[in-house]
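These are the residues of each chain, in order.
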Amino acid sequence: MIIDGSSHANATVTRAEFATMLVKALGLTLEGAPSFKDTKEHWAADAIATLKASGIINGYEDGTFKPNQIISRAEIVVMLSK
C-alpha cells in the first residue's frame, strides 16, 4: 500500500489492502472473527472479517480469501456494489 501521497496509477493492490481501504472508506467498525482459513494470522484479518460480517465479501469456494492475491477490477466492482 502506498501512503506517500503520490499517484501510482499502475500500482497493484492486494485483496487485503483493498479490504482495509474499503473498511476505512466506509467507516465500518471492526467486527467478526476471522472466518477464512487463510486469514486467521493475517495482518488484515480484522478488516476482512468486518467485510465478511457486513456481507460485502464471500471469499472463494474452498474457504479461502486469498488476501495476498492482486485484486482484479471485477472483484473491486463486486465489493463496491454490495
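Quick word on the packing of aromatic side chains
Working step 1: Summed over all chains, the structure comprises one aromatic pair.
Working step 2: Relative to Phe65, the ring of Phe36 lies with its centre 5.5 Å away and its plane at 35°, an arrangement referred to as tilted. Taken as a pair, Phe36 in the loop between α1 (15-26) and α2 (45-53) and Phe65 in the loop between α2 and α3 (73-81) lie far apart in primary sequence, 29 residues in all.
Working step 3: One residue, Arg15, lies across the ring of Phe65, its end atom 4.2 Å from the ring centre.
Working step 4: The lysine or arginine in question, Lys66, covers the ring of Tyr60, its NZ or CZ lying 4.3 Å from the ring centre.

A closer look at the environment of Phe18
Working step 1: Take Phe18: it is sitting in helix α1.
Working step 2: In contact with Phe18, not counting residues within four places along its chain, are Val13, Ile71, Ile76, Met79 and Leu80.

Notes on α2
Three- or four-residue spacings in an α-helix give side chains the same orientation, since the helix completes a turn every 3.6 residues.
Working step 1: Taken together, the buried positions of α2 are Ala45, Ala47, Ile48, Ala49, Thr50 and Leu51.
Working step 2: In this structure, the buried residues of α2 make contact with α1.
Working step 3: Trailing α2 by a residue or two, Gly55 shows a phi angle of about 80°, which is positive.

What about the confidence of the model for the chain?
Working step 1: Per-chain confidence: the chain averages 90 in pLDDT, with 94% of residues scoring 70 or above.
Working step 2: Of all the helices and strands in the chain, α3 carries the lowest mean pLDDT, 94, while α1 carries the highest, 96.

Focus on the nonpolar core
Working step 1: One finds Leu22, Ile48, Leu51, Ile56, Ile57, Phe65 and Met79 to be the most contacted residues of the largest nonpolar core, which totals 15 residues.
Working step 2: Taken together, the elements giving at least two residues each to this core come down to α1 and α2.
Working step 3: Each residue touching Phe65, except ones within four places of it in the same chain, is listed here: Arg15, Ala16, Phe36, Asp38, Thr39, Ile48, Ile57, Gly59, Tyr60 and Met79.

Rules and cut-offs
Residues numbered from 1 in each chain as written. Predicted model: local features only at pLDDT ≥ 70, side-chain atom pairs only at ≥ 80, totals over all residues. Heavy atoms only, no water. Phe/Tyr/Trp six-rings, centres within 6.5 Å; stacked < 30°, edge-to-face > 60°. Helix = DSSP H or I, 4+ residues; strand = E, 2+ residues; numbered from the N terminus. Lys NZ or Arg CZ within 6 Å of the ring centre and 35° of its normal. Contact = heavy atoms within 4.5 Å. Buried < 20%, exposed > 50% of the residue type's maximum accessible area, 1.4 Å probe, protein only. pLDDT = per-residue confidence, 0-100. Core = buried A, V, L, I, M, F, W, Y, C linked by side-chain atoms within 4.5 Å.

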